[in-house]
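Reading the structure
Single-letter residue listing:
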Amino acid sequence: MALTTALLNSASLRGRCCRHNFLHPLIGPLLSDSMSKLYSSYRRPGSQPEKKRSWKNVDLSFKKSFEVLKTQLSLLKEESKEYLIGPGGRPLNEYLLEQTKVVWEFRSQEDLNKWVISSDVEIGGKSEVYLKLGRNNQAALLYGTLNTEVPRDGETKYSGYCSMRAKPLVGSFARRKYYDWSNFNSLYLRVRGDGRPWMVNIYTDPYFSHQKDDLYNYFMFTRGGPYWEEIKIPFSKFFLSSRGRVQDSQHPIWLDKASFLRALVICTLGFTIGDKVDGPFQLEIDFIGLLNDRAHTEEFAYELYEKNPKV
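Because the structure is predicted, anything quoted here is derived from the model rather than measured. (Residues numbered from 1 in each chain as written. Predicted model: local features only at pLDDT ≥ 70, side-chain atom pairs only at ≥ 80, totals over all residues. Heavy atoms only, no water.)

When helices and strands are counted, the protein chain shows four helices and 13 strands. When each of the 311 residues of the protein chain is scored for burial, the buried share is 36%. Accessible surface, the protein chain: about 20,700 Å² in total, of which carbon and sulfur atoms supply 54%. (Helix = DSSP H or I, 4+ residues; strand = E, 2+ residues; numbered from the N terminus. Buried < 20%, exposed > 50% of the residue type's maximum accessible area, 1.4 Å probe, protein only. Areas by Shrake-Rupley, 256 points an atom, 1.4 Å probe, with all protein chains shown as cover.)

Here we come to the environment of Tyr-179. Residue placement: Tyr-179 occurs in the loop between strand S5 (162-166) and strand S6 (186-193). Separated by 76 residues in the primary sequence, Tyr-179 and Val-103 place their C-alpha atoms 9.7 Å from one another.

With that out of the way, let us pick up helix H2 (residues 62-85). Helix length check: H2, at 24 residues, gives a terminal C-alpha distance of 35 Å against a target of 34 Å (1.5 Å per residue), a fit within 8%. Within H2, the full set of buried residues consists of Ser-65, Val-68, Gln-72 and Glu-79. With its phi angle positive at about 160°, Gly-86 sits one or two positions after the end of H2. (Expected span 1.5 Å × (residues − 1).)

Another aspect to go through is the packing of aromatic side chains. Counted under the stated rule, the structure contains 17 aromatic pairs. Ring plane angle 40° and centroid distance 5.4 Å describe the contact between Tyr-179 and Trp-181, whose orientation is recorded as tilted. You'll find Tyr-179 and Trp-181 in the same group, each marked buried. Looking at Arg-165, its charged tip hangs above the ring of Tyr-203, at a distance of 4.9 Å from the centre. (Phe/Tyr/Trp six-rings, centres within 6.5 Å; stacked < 30°, edge-to-face > 60°. Lys NZ or Arg CZ within 6 Å of the ring centre and 35° of its normal.)

This part covers the pairing of strand S3 (residues 128-133). Of the two faces of S3, the one holding Val-129, Leu-131 and Leu-133 is buried and the one holding Glu-128, Tyr-130 and Lys-132 is not buried anywhere. Here six bridges tie S3 to strand S4 (residues 140-146), and the two strands are oriented antiparallel to one another. Looking at the pairing, Val-129 lines up with Gly-144 of S4. The turn linking S3 back onto S4 is made up of six residues, and Asn-136 within it adopts a positive phi angle of 60°. (Pairing = 2+ DSSP bridges.)

Right, let's get into unusual backbone geometry. In this structure, Asn-136 is a non-glycine residue whose phi angle is positive, near 60°. Within the secondary structure, Asn-136 is located in the loop between S3 and S4. Residue classification places Asn-136 among the exposed positions, given a relative accessible area of 63%. Phi is positive for Arg-243, which is not a glycine, with a value near 55°. Relative to the assigned elements, Arg-243 resides in the loop between strand S10 (239-242) and strand S11 (245-246). The exposed category is assigned to Arg-243, whose relative accessible area is 63%.

Laid out in structure tokens, this is it:
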């Protein structure tokens with residue numbers, strides 16, 4: 001009987017949480033603080049229980065709700081217009097003939113706000129990373145200091161990394177959006193580095209939970225000096241890794257946003273430095289784009305092993 005009661009309670013709690021997630025795109029900004037208190041039963045030891053009812057803490061403003069709804073509906077209207085015009089809001093003939101495309105460029109603070117930076121400080125490390133606009137507001141400057149000193153927590157074995165990653169696309173009503181790069185076969189960047197190697201990461205949005213740490217990686221070697229360099233990386237060169245380990249079972253990136261079961265659709269892109277060399281680093285990025293190189297015909301650069309081959 002006790003087990004049955006516990007299962008019913010847990011099912012009821014999951015149902016309430018699911019309803020909250022469903023309403024989150026519309027009234028999430030209004031209920032963020034109050035709902036967290038409503039579903040949390042933790043109370044600091046020694047503190048007195050709140051005498052005020054939980055539901056009375058909900059600050060539901062109908063005016064704010066209508067403003068959020070109006071904003072989301074306008075976004076949905078724009079998305080519908082773009083969908084009716086063609087892929088990416090462009091006519092089909094322009095989309096099919098497109099050879100190059102700039103996905104990210106850095107000319108204002110608004111462009112920088114589309115990216116997030118992180119370092120080993122999250123695990124107790126001492127590396128530092130910063131992101132700002134470069135000279136004349138014509139590029140993004142990613143700089144900092146790499147420190148490979150391992151935190152003294154008795155668990156962490158490696159440290160010393162900094163990264164920069166683009167925020168995932170979000171549509172109306174907090175819907176996830178994905179990149180469709182099926183019309184291109186190469187990543188094209190204009191950068192200026194200090195001679196240190198970087199890792200270019202393509203993040204995917206997996207369908208299965210055990211694939212949440214999967215990344216597609218490839219190296220980007222900067223030559224240093226005062227001159228800019230243009231780097232082309234074919235998508236066929238990216239290899240699959242998970243938690244820093246190259247996987248035995250490799251397969252190419254699915255570049256379209258309608259992949260089988262949405263198993264590995266492209267979610268975002270990032271850069272990581274972790275060459276185990278202590279000291280300052282910097283990387284300037286002018287733009288990040290796509291290229292359709294007709295001379296590149298390679299489908300995948302690595303061996304594909306057949307599972308359970310026939311004898």
